[in-house]
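Notes for the structure review
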Amino acid sequence: MLGLNRTAALPLARDATSRFLPWLVGFMVFLAALALAGTLRLHTLINTWTAEAAGTLTVQVLPEQGATTGVADERVKTVLKALRKTPGVTGASEVSRRRMQKLLDPWLGGSGLMQDLPLPRLIDA
């Protein structure tokens, strides 16, 4: 290497417009780190949501035409017994009428329509 003097540094001091280059590179690195952090957080949220959604099941017990409340209660009890005996089901419980009303309020409003509708009985398993 006779007489060759090579350096790895960029010749930034010679050009007046290149004084913003280190700031630009730093800002781009910051944005890349921010995007990476957001991606990792989103990945965690998706995995949590998937795990929660994969472990649930909702069973509908449809109302019979002209049946009384006692008949519907017996059908719900029968379904609950069958679900609790099913392998892989860790728990089963009926969704209360109050909870169903909260779920339907955005669509039906606070009116008394829910008492007039033949709604199915729901069981969370």
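Everything here concerns the structure above.
Residues numbered from 1 in each chain as written. Predicted model: local features only at pLDDT ≥ 70, side-chain atom pairs only at ≥ 80, totals over all residues. Heavy atoms only, no water.

1. A look at the overall build of the protein chain
- Secondary structure summary: the protein chain contains 4 helices and 3 strands in total.
- Starting at the N terminus and walking to the C terminus, you meet the elements of the protein chain as α-β-α-β-α-α-β.
- For the protein chain, with 125 residues in total, the buried portion stands at 10%.
- For the protein chain, the proportion of contacts with a sequence separation of at least 24, taken over those separated by at least 6, is 62%.
- Accessible area of the protein chain: about 10700 Å², with a carbon and sulfur share of 64%. (Helix = DSSP H or I, 4+ residues; strand = E, 2+ residues; numbered from the N terminus. Buried < 20%, exposed > 50% of the residue type's maximum accessible area, 1.4 Å probe, protein only. Contact = heavy atoms within 4.5 Å. Areas by Shrake-Rupley, 256 points an atom, 1.4 Å probe, with all protein chains shown as cover.)

2. Side note on the sheet that holds strand S3 (residues 121-124)
- Spatially, 3 strands are ordered S1-S3-S2 in an open sheet, and the strand pairing comes out antiparallel. Where the open sheet ends on each side, the last strands, each with one partner, are strand S1 (58-61) and strand S2 (93-94). (Pairing = 2+ DSSP bridges.)

3. Looking at the nonpolar core
- The biggest cluster of nonpolar side chains holds 6 residues, and these are Val 61, Val 76, Leu 80, Leu 83, Ala 92 and Ile 123.
- Per element, the largest residue contribution to this core is 3 residues, and it comes from helix H2 (residues 69-85).
- Not counting residues within four places of it along the chain, the set of residues in contact with Ile 123 comprises Leu 57, Thr 58, Val 59, Val 61, Val 76, Val 79, Leu 80, Leu 83, Ala 92, Ser 93, Glu 94 and Val 95. (Core = buried A, V, L, I, M, F, W, Y, C linked by side-chain atoms within 4.5 Å.)

4. Regarding the pairing of S3
- Pairing geometry for S1 and S3, over 4 bridges, is antiparallel. If you follow Gln 60 over to S3, its bridge partner there is Leu 122.

5. Section: the pattern of salt bridges
- Inspection of every chain in the model, using the stated rule, returns 2 salt bridges.
- Arg 121 is paired through a salt bridge with Asp 73; the nearest N and O atoms lie 2.7 Å apart. A residue pair is termed long-range when its members are at least 10 positions apart, and Arg 121 in strand S3 and Asp 73 in helix H2 qualify at 48 residues.
- Given the relative accessible area of 21%, Arg 121 is considered partly exposed.
- Among the residues examined, Asp 73 registers a relative accessible area of 27% and is labelled partly exposed.
- Arg 121 is the partner of Glu 94 in a salt bridge, and the nearest nitrogen-oxygen pair spans 2.7 Å. One end of the pair, Glu 94, is in strand S2; the other, Arg 121, is in strand S3, and 27 residues separate them in sequence.
- We classify Glu 94 as partly exposed; its relative accessible area is 33%.
- One salt-bridge network, in which partners are shared between bridges, spans Asp 73, Glu 94 and Arg 121. (Salt bridge = Lys/Arg side-chain N within 4 Å of Asp/Glu carboxyl O.)

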